[in-house]
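# Fold and geometry: a report
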Amino acid sequence: MSFRRPVAGVVVGLAAASLVIALTGLEAFRVFELKTYDWRLASTAVPSAARTDIALIEIDEYSLRNLQPHAGRWPWPRVVHSSLIDYLMRGAPALIVYDVNFAEADTRVGFQYGGSSWSGVESDKALADSMRKAGNVILPMDATFEGDQVGSETWPDQGYRLSAQGITERRVIFPPTAELASSAAALGHNLFILDSDGPLRHTVPFVRTGDRAVPSLGLAAALRAAKIQGSDLRLDDDMLAIGDRRMPLEWRRVNNADGEISYLWELINFRGPPLLPDLKTRPYPAYSFFDLLYSEEQLAASVTPNVDPSIFKDKIVFVGMGASGLFDAFETPFAGGRMPGIQVHAAVTDDFLSNRFMQPESRPTRIALVLGMALAVGLVAVFVPAWWAALIFAGLVAGYALLATRLFAQGQWINLTQPTLASSLALFGGVAYQYFVEGREKRKMKRLFGQYVSKDVFDQLVAHPELARLGGQRREMTVLFSDIRGFTTVSERGEAEEIVRMLNEYFTRMVDIVFAHKGTLDKFVGDMVMALFGAPLDDPDHAQHAVDAAKAMIRELNRLNDQWAAEGRPRLDIGIGISTGPMIAGNIGSEAIMSYTVIGDAVNLGARLESLNKEYGTRIIISEATRNALSDRDAHRPLGDVVVKGKTRPVAIYEVKEHHA
């Protein structure tokens, strides 16, 4: 068995895999893989699996429009938010998570709201009082600023400590006003960083200044709900251990004021798109800010509210922007519109509390997948025809994509782009190998042997060109020479066209007989036929096959002569010489023209034996070496010894009697 094809398949696969792995850092690879990530997320997300203890309150266009006569244009006075918190606390929610920036004090001097006159200071105090009374309100800190100014030390320390380089650093973080910050149950940052192609796929779990860390708003809510303290936090390589949960993180490169830097971020395992197929509802129950504020007024007036606050009992309630004009909405892996920031924060909370994270593959796993797919396709592509290789490749890629999608649904993200690209290159390389290497040798076999061997032998040579050993090899084989006797006289008496037709008919029958006995047509020389037995393919019975072919040639010529005589054409006779022995077989000729043939003393003897038929009045003469290789060696008549030209040692020769055929 030849190992050339398996080795070629392995080399092709390794080369394809190495090229893809070497180009891993290209952003185009990353972006394309992220697009397949988006497709898989959109295909496998199950909105019905979203937690039922999370609710959204949207500051939407409807609320902005209806509150403008009562609270003015956005931003509203803080007393408006105080009223919403008072309403929510009637229903005893688990947490109220506000995604509204209160970094600066309200400086209004006087305004009317709810039938009373308010100042900005009084409005801020009303919100702080409501927050303290509730005891479960979480506020955002603005971590979007990348400047160098000092000021971050003013935000309250919540006990989280992370100093690893992979944790996103912000030199300054703006907390809410001191009064509001001290009234909040917890604080969380509001930093989102989009991927280079636009969508938001990650959350920044923590930002830090020095070793003081702040969780994201969604994570802060989850930590509060799970009662996890800052001391229960540690970073193990690319895994963030928080309490009894392990959050997988992914390294992402970003550009900032200090140049390109890598950070560890968490992939958000969204439960669904911004809006469900009805284009009205979200994966989490959503309510309009104005409707709830109006329900609070109804309760204060002892009227049954439109929305009963009891629906928020034990829920984590996110309050934030839903209006498109307020710019707190993001492209996500889902088509069909932007997702409000509060829904993104809610998804982060959902992931943590459900312990449902997206686990990126490790680098060794990715390399193994690239190698595995490339090697598999490389081996297939060098063994099977191109169309079959393409079909098998398509099947493998489809199967791999199905596996990748199913794993994705279970929270395992394996790379789809790189194994597919590597296997595509391996397919191309394997097909190229077949055409330029295997195909070249097959075309060479076709050129050399297409008309000189039987179809079975030709198919073997095309499938296994190495069997021919074209470079030259000494073989034990048999050569047959057949020549028409007196053909010159016949050709002088007949018409040229008639002679050519007879020759073509004769040669056709003789060549068919040679092929039928596993022989190879070496050449025609005038009216002479030279045939080989035992080359280019090995044949242990080459001598027997040559003698059987000679007998068959005589019988077939007798039939042709009867046919020609009936047609009024001349009869032909032939003499055949057969010699067995060591010969050198190979592709011999000039650089421009080459042919497969044999040389050696045994070849010369065969030609000499053919010519001796005239002297002995015989039709088939074989050498002693040929006779010794036959099963019926004693059935042939000895003719004595002859000396071949150029040799001094006589050779015994024998006549093959036709009646033994």
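All of the points below concern the structure found in this document. On a predicted model such as this, the values are computed, not experimentally measured, just so you know.

Considering all chains together, one arrives at 17 aromatic pairs under this definition. For the ring pair tyrosine 62 and phenylalanine 290, a centre distance of 5.6 Å and an interplane angle of 85 degrees mean the geometry is edge-to-face. With a gap of 228 residues between them, tyrosine 62 in helix α3 (residues 61-71) and phenylalanine 290 in helix α8 (residues 289-300) connect regions that are remote in the sequence. Ring-pair connections join several aromatic residues into one group, and the members of that group are Tyr37, Phe408 and Trp413. The aromatic ring of phenylalanine 111 is capped on one face by arginine 108, whose charged end is 5.8 Å from the ring centroid.

To continue, consider the sheet that holds strand β5 (residues 137-141). In a beta sheet, neighbouring strands pair by backbone hydrogen bonds and run either parallel or antiparallel. The strand order β7-β5-β2-β17-β1-β16 describes an open sheet built from 6 strands, whose pairing is parallel. The open sheet has two edge strands, β7 (186-189) and β16 (286-288), and neither has a second partner. Neighbour to neighbour, the strand axes of the sheet diverge by 25 degrees on average, direction disregarded. Bridge count for β5 against β7 is 4 bridges, and the pairing is parallel. Its bridge partner being in β7, proline 140 is matched across the sheet by glycine 188. Those strands touched by helix α9 (residues 341-353) are β1 (54-59), β2 (95-99), β7 and β17 (316-321), and its axis lies near 155 degrees from that of β17.

A few words on the sheet that holds strand β12 (residues 239-242). The 3 strands lie next to each other as β11-β12-β13, forming an open sheet whose pairing is antiparallel. Two strands close off the open sheet at either side, each with one partner strand: β11 (233-236) and β13 (245-248). Mean inter-strand twist for the sheet, computed between neighbouring axes without regard to direction, equals 25 degrees. Looking at chain direction, β11 and β12 are connected through 4 bridges and run antiparallel. Along β12, the bridge assignment pairs leucine 233 with isoleucine 242.

Attention now moves to the pattern of salt bridges. Working definition: two side chains of opposite charge can pair if their charged atoms are close together. Across all of its chains, the model carries 36 salt bridges by this definition. Its salt-bridge partner being arginine 78, residue aspartate 124 comes within 3.0 Å of it at the nearest N-O pair. Here aspartate 124 is found in helix α5 (residues 120-134), whereas its partner arginine 78 is found in helix α4 (residues 78-89), with 46 residues between them in sequence. On the accessibility criterion, arginine 78 (9% relative accessible area) is buried. One salt bridge connects glutamate 567 with arginine 569, and the closest N-O pair in it is separated by 2.2 Å. Judged by relative accessible area, glutamate 567 falls into the partly exposed class, the value being 44%. We classify arginine 569 as buried; its relative accessible area is 9%.

Let us look at empty space enclosed by the protein. For the coordinates displayed, the defined rule picks out 1 cavity of 30 Å³ or more. Taken together, Phe270, Arg271, Gly272, Pro283, Tyr284, Met339, Gln343 and Ala347 make up the full set of residues lining the largest cavity. Tallied by class, the residues present in the lining of the largest cavity amount to 5 nonpolar, 2 polar and 1 charged.

Below, the discussion takes up the environment of glycine 218. In this structure, glycine 218 sits in helix α7 (residues 217-225). Measuring from C-alpha to C-alpha, the distance between glycine 218 and alanine 347 comes to 7.6 Å, with 129 residues separating the pair along the chain. Filtering out sequence-adjacent residues up to four positions away, glycine 218 remains in contact with His345, Val348 and Thr349.

Together, Val10, Leu14, Leu379 and Phe383 make up a nonpolar patch on the protein surface, roughly 300 Å² of accessible area in all. Of all the secondary-structure elements, those providing two or more residues to the nonpolar patch are α1 (4-22) and α10 (363-383). Within the fold, leucine 379 resides in helix α10.

All right, on to the side chain of asparagine 561 then. Structurally, the position occupied by asparagine 561 is in helix α16 (residues 542-566). By relative accessible area, asparagine 561 is classed as buried at 3%. With sequence-adjacent residues up to four places away left out, asparagine 561 is seen in contact with Arg571 and Leu572.

A word on α5. Between its terminal C-alpha atoms α5 stretches 21 Å, which fits the 21 Å expected from 15 residues at 1.5 Å a residue. Contacts from the buried residues of α5 go to α4, β3 (111-113), β4 (116-118), β5 and α6 (178-183). Immediately beyond the C-terminal end of α5, within one or two residues, lies glycine 135, with a positive phi of roughly 70 degrees.

This brings us to the layout of surface pockets. Where empty space is left can be seen by rolling a probe of water-molecule size over the atoms. By volume, the largest pocket amounts to about 650 Å³. Surrounding the largest pocket, 23 residues form its lining, Thr24, Arg30, Glu250, Trp251 and Arg366 being those nearest its centre. Residue assignment for the lining of the largest pocket shows that the elements contributing at least two residues are α2 (27-44), β14 (250-256), β20 (359-360) and α10. In terms of residue class, the lining of the largest pocket is built from 6 nonpolar, 7 polar and 10 charged. Counted as a void, the second largest pocket has a volume near 550 Å³. Around the second largest pocket sit 23 residues that line it, and Trp74, Asp99, Val100, Asn101 and Met321 are the ones nearest its centre. Taken together, the residues of the lining of the second largest pocket sort by class into 12 nonpolar, 5 polar and 6 charged.

Following tryptophan 74, the chain continues into proline 75 via a peptide bond in cis, with omega recorded as 5 degrees. In this fold, proline 75 is placed in the loop between α3 and α4. The backbone phi angle of serine 302 is positive, close to 60 degrees, even though this residue is not glycine. For serine 302, the location among the structural elements is in the loop between α8 and β17. For lysine 518, which is not glycine, the phi dihedral falls at a positive 65 degrees. Tracing the sequence through the fold places lysine 518 in the loop between α15 (496-516) and β23 (519-525). Assessed through its relative accessible area of 52%, lysine 518 is described here as exposed.

Turning our attention to helix α17 (residues 601-616). With 16 residues, α17 extends 22 Å from end C-alpha to end C-alpha; this agrees with the ideal 22 Å at 1.5 Å per step. Of all bends in α17, the biggest is about 25 degrees, found at glutamate 610. Inspection of α17 places Ala602, Val603, Leu605, Gly606, Leu609, Glu610, Leu612 and Asn613 among the buried residues, and these make up the whole buried set. Looking one or two residues beyond α17, the residue adopting positive phi is glycine 617, at roughly 65 degrees.

It is the contact of α3 with α8, at a shortest axis distance of 7 Å, that shows an interaxial angle of 45 degrees. With respect to each other, α3 and α8 are oriented oblique. Each of Tyr62, Ser63, Asn66 and Leu67 in α3 lies in contact with α8, whose residues at this interface are Phe289, Phe290, Asp291 and Leu293. Residues of the contact of α3 with α8, tallied by class, amount to 5 nonpolar, 2 polar and 1 charged.

Reading the values: the criteria
- Residues numbered from 1 in each chain as written.
- Predicted model: local features only at pLDDT ≥ 70, side-chain atom pairs only at ≥ 80, totals over all residues.
- Heavy atoms only, no water.
- Phe/Tyr/Trp six-rings, centres within 6.5 Å; stacked < 30°, edge-to-face > 60°.
- Helix = DSSP H or I, 4+ residues; strand = E, 2+ residues; numbered from the N terminus.
- Lys NZ or Arg CZ within 6 Å of the ring centre and 35° of its normal.
- Pairing = 2+ DSSP bridges.
- Axes fitted to C-alpha atoms, helices over the stretch in contact; angles between N-to-C directions.
- Contact = heavy atoms within 4.5 Å.
- Salt bridge = Lys/Arg side-chain N within 4 Å of Asp/Glu carboxyl O.
- Buried < 20%, exposed > 50% of the residue type's maximum accessible area, 1.4 Å probe, protein only.
- 1 Å grid on protein atoms, 1.4 Å probe; cavity = no way out; pocket = protein on both sides within 12 Å on 5 of 7 lines; lining within 4 Å.
- Points joined across faces, edges and corners; volume = space filled by probe spheres on them.
- Nonpolar A, V, L, I, M, F, W, Y, C, P; charged D, E, K, R; others polar.
- Patch = residues over 30% accessible without salt bridge, like charges linked within 9 Å, V, L, I, M, F, W, Y side chains within 5 Å.
- Areas by Shrake-Rupley, 256 points an atom, 1.4 Å probe, with all protein chains shown as cover.
- Expected span 1.5 Å × (residues − 1).
- Bend = angle between axes of the 7 residues up to and from the residue.
- Parallel < 35°, antiparallel > 145°, perpendicular 65-115°, else oblique.

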